[in-house]
Amino acid sequence: MNRTKRMLLENIAWAAESAQSDPRFFDGLAVGQSPKALWLGCSDSRVPAEIVTNCAPGDLFVHRNIANLFSSTDDNVMSVLEYAVQVLKVHDIIVCGHYGCGGVKAALLPIPSDLPHVARRIAPLCALAGAHSAELDQCRSGDEQVNRLAELNVMAQVRAIRATSIVRDAAHSPSVHGWIFGLHDGRIKVLMAGDLHSRHNESTRRAVPVREYLHTAETMAR
Ligand SMILES: [Zn+2]
């Protein structure tokens, strides 16, 4: 059986199982969406937003591209941000990168002349790498360089999103979080928390395990 036939059969099975476990599930989806979070992630097939966060259909409004890049001159991502904030009124925006990101790695290699679209997309990453060359040069290996640049990239995208008028001027500004996913263990680390403590850990090297972040957030919410 070829791949796409298999996918269609899996869809039939998923739809039947979903309806069986919750007979009103699809009625709920058909009514409309009210996701509470916007996810900006990498297109990498190993970091599917809903699966790694145990979310269900309807939970996340998702935009993914190579190396989870945000640009205010990109109508694609800007339209997603605009709709998420102004229409869906999401509470949280999550930029989630991942260690071992191929797009980030490409920014540290010679520009791929045979992939002009990719090269244009990752140009800001090349500039980011240049701006942090002193720190990146101190990394002990190429993998460590890629991973540190992946972290710096997430934080740069968070700052860029926070700086948009869409977020700044929103009646209820969403919290913008910076996360990074580990392919080696499937765990997410918090690089930049949302508004609760938006400056916390921003400049530190160490990422915060989600469990620690949640504990801190719960404490602050009391
Ligand atoms: Zn990636």
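Criteria and thresholds
Residues numbered from 1 in each chain as written. Predicted model: local features only at pLDDT ≥ 70, side-chain atom pairs only at ≥ 80, totals over all residues. Helix = DSSP H or I, 4+ residues; strand = E, 2+ residues; numbered from the N terminus. Buried ≥ 20, exposed ≤ 12 C-beta atoms within 10 Å, placed from the backbone. Pairing = 2+ DSSP bridges. UniProt positions renumbered as here; feature names shortened; annotations may be inferred. Contact = placed C-beta atoms within 7 Å.

**Points about the overall build of the protein**
Piece 1. Scanning the protein from terminus to terminus reveals 11 helices and 6 strands.
Piece 2. The buried share of the protein, taken over its 222 residues, is 27%.

**Comments concerning the pairing of strand E3 (residues 92-98)**
Piece 1. Along E3, 6 of the 7 residues are buried, which leaves the element largely enclosed by surrounding structure.
Piece 2. Sheet analysis places E3 next to strand E4 (residues 175-181), joined by 7 bridges and oriented parallel. Paired with Gly 97 across the two strands is Ile 180, which belongs to E4.

**As for the pairing of strand E1 (residues 37-42)**
Piece 1. Counting buried positions along E1 yields 6 of 6 residues, so the element is predominantly enclosed.
Piece 2. Relative to strand E2 (residues 60-65), E1 runs parallel, the two sharing 6 bridges. Bridge pairing in E2 links Gly 41 to Arg 64.

**Notes on the UniProt feature "binding site: Zn(2+)" (unreviewed entry) in the protein**
Piece 1. Per the UniProt annotation, the sites labelled "binding site: Zn(2+)" (unreviewed entry) are Cys 42, Asp 44, His 98 and Cys 101. Taken together, the annotated residues stretch across 60 residues yet fold into one region, lying no more than 8.9 Å apart by C-alpha.
Piece 2. Considering the arrangement of structural elements, one finds Asp 44 in the loop between E1 and helix H3 (49-52).
Piece 3. You can call Asp 44 partly exposed: it has 19 C-beta atoms within 10 Å.
Piece 4. Other than its neighbours up to four places away in sequence, Asp 44 contacts His 98, Cys 101 and Gly 102.
Piece 5. Here His 98 shows up in strand E3.
Piece 6. The class for His 98 is buried, based on 25 C-beta atoms found within 10 Å.

**As for unusual backbone geometry**
Piece 1. Positive phi, normally seen in glycine, also occurs at Asn 54, with a value near 55 degrees.
Piece 2. Its location among the elements puts Asn 54 in the loop between H3 and E2.
Piece 3. One non-glycine residue, Asn 68, lies in the positive phi region at around 40 degrees.
Piece 4. Looking at the secondary structure, you find Asn 68 in the loop between E2 and helix H4 (75-87).
Piece 5. When the 30 C-beta atoms within 10 Å are taken as the criterion, Asn 68 is described as buried.

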